[in-house]
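# Report on the structure
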Amino acid sequence: MKNVDNSRAYGSFASVYDLFMDNIPYEEWGDYVTGLLKEYGVENGLVLELGCGTGKLTRLLAGRGYDMIGVDLSGEMLELAMAQNEDGRILYLQQDMREFELYGTVRAIVSICDSMNYLTEYEELVQVLRLANNYLDPGGVFIFDMNTPYKYREVLGEQTIAENREEGSFIWENYFDEEQEINEYDLTLFIREEDGRYRKYEETHFQRAYDNETVKRAVEEAGMELAAIYEACGRKAPGENSERIYFVAREVKKGSVYP
């Protein structure tokens, strides 16, 4: 597999991320994730979000009564998240999800907006799941979504997305390598500076497509149980044309009794 590097993803893009991502239905996703948490017995308590970005879902879940921790690799994204954390209720940590560390266990872990697709090596996926298993309370759940191979192949692959606004513009070019199962995003940004001029920035992001069987194998290899797979944002099983899928993995090694 080609060498990929996501370490600088969401650097320059962080400053305009919420502007251009205002079409993401965070409220709907927040309701859906809250419903799943409650379905698996997590009514309250400590919840960790991996790949929290600017903290939109983190704040939504905090507003629903959960004690939230947000983890993200991008310092730029976390700066924006912390700027909206005026009461200091949410703990934000700048960490790589592949080696995140907590002081204790949490009742649940969530990761949305295809953050898990940024794990471009199967071994990285297993490692994150192992860490999740380690830091979950007995019987706790890890709820995460992923873009599907269908979405990369048929919807995103070889497509160019562009948008122009007063505050900035972007060109988002996609290239999907089906053999490597890697989608490359080449992102060109034009962001308005304080003096009114526009500065050009460039970023490259990489995501990997995982089929359901590969994810199930990784969950089991990590010592967890795959409790459910749903098409977003409902309770039906995913189909051939599903674009986003939610997985619910449950901690099992601590000998818990499930709710």
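Below, the structure is looked at part by part. (Residues numbered from 1 in each chain as written. Predicted model: local features only at pLDDT ≥ 70, side-chain atom pairs only at ≥ 80, totals over all residues. Heavy atoms only, no water.)

The final tally for this structure, using the stated rule, is 13 salt bridges. Residues Arg64 and Glu27 are paired through a salt bridge, measuring 3.8 Å at the closest nitrogen-oxygen approach. A residue pair is termed long-range when its members are at least 10 positions apart, and Arg64 in the loop between helix H3 (56-63) and strand E2 (66-72) and Glu27 in helix H2 (residues 26-39) qualify at 37 residues. Taken together, the salt bridges that share partners define one network made up of Glu27, Asp31 and Arg64. (Salt bridge = Lys/Arg side-chain N within 4 Å of Asp/Glu carboxyl O. Helix = DSSP H or I, 4+ residues; strand = E, 2+ residues; numbered from the N terminus.)

With that settled, consider the packing of aromatic side chains. The final tally for this structure, using the stated rule, is 8 aromatic pairs. Geometrically, the ring pair formed by Tyr26 and Trp29 is edge-to-face, given 6.1 Å between the ring centres and 70 degrees between the ring planes. Here Tyr26 pairs with Trp29, and both are found in helix H2, just 3 residues apart, close to one helical turn. By the burial criterion, Tyr26 is buried, and Trp29 matches it. Every member of this aromatic cluster is reached through a ring pair, and the members are Phe142, Phe144 and Phe247. The ring of Tyr122 carries the charged tip of Arg217 above its face, separated from the ring centre by 4.6 Å. Note that Arg235 overlies the ring of Tyr230, its terminal NZ or CZ placed 5.6 Å from the centroid. (Phe/Tyr/Trp six-rings, centres within 6.5 Å; stacked < 30°, edge-to-face > 60°. Buried < 20%, exposed > 50% of the residue type's maximum accessible area, 1.4 Å probe, protein only. Lys NZ or Arg CZ within 6 Å of the ring centre and 35° of its normal.)

Sheet architecture is open: 4 strands sit in the order E6-E7-E8-E9, paired in antiparallel fashion. Here the strands that pair on one side only, and so sit at the sheet edges, are strand E6 (160-164) and strand E9 (198-208). On average, adjacent strands in this sheet sit at an angle of 10 degrees to one another, irrespective of strand direction. Here strand E8 (residues 182-192) runs beside E9; their pairing, made up of 11 bridges, is antiparallel. Considered in E9, the bridge of Asn183 is made with Gln207. (Pairing = 2+ DSSP bridges. Axes fitted to C-alpha atoms, helices over the stretch in contact; angles between N-to-C directions.)

Of all the 7 residues making up E2, 6 are buried; the element is thus mostly covered by neighbouring parts of the structure. Summarising the sheet, strand E1 (residues 45-50) and E2 pair through 6 bridges and their orientation is parallel. In the strand pairing of E2, Leu46 is matched with Asp67. Traced from E2 through helix H4 (residues 75-83) to strand E3 (residues 91-94), the parallel crossover comes out right-handed. (Right-handed = clockwise from strand over helix to strand, strands pointing away.)

With that settled, the discussion passes to the environment of Gly41. Of note, Gly41 is situated in the loop between H2 and E1. The class of Gly41 is partly exposed, set by a relative accessible area of 25%. Spatially, the C-alpha atom of Gly41 lies 9.3 Å from that of Arg107, the residues being 66 residues apart in sequence.

Quick look at the sheet that holds strand E10 (residues 224-231) now. As summarised here, the arrangement of the 7 strands in space is E3-E2-E1-E4-E5-E11-E10, forming an open sheet in which the pairing is mixed. The open sheet terminates on both sides in strands that have one partner only, identified here as E3 and E10. For this sheet the average axis-to-axis angle between neighbouring strands, irrespective of direction, equals 20 degrees. Helix H5 (residues 122-135) rests against E1, strand E4 (106-111), strand E5 (136-147), E10 and strand E11 (244-251) of the sheet, and its axis sits at about 150 degrees to E5. (Contact = heavy atoms within 4.5 Å.)

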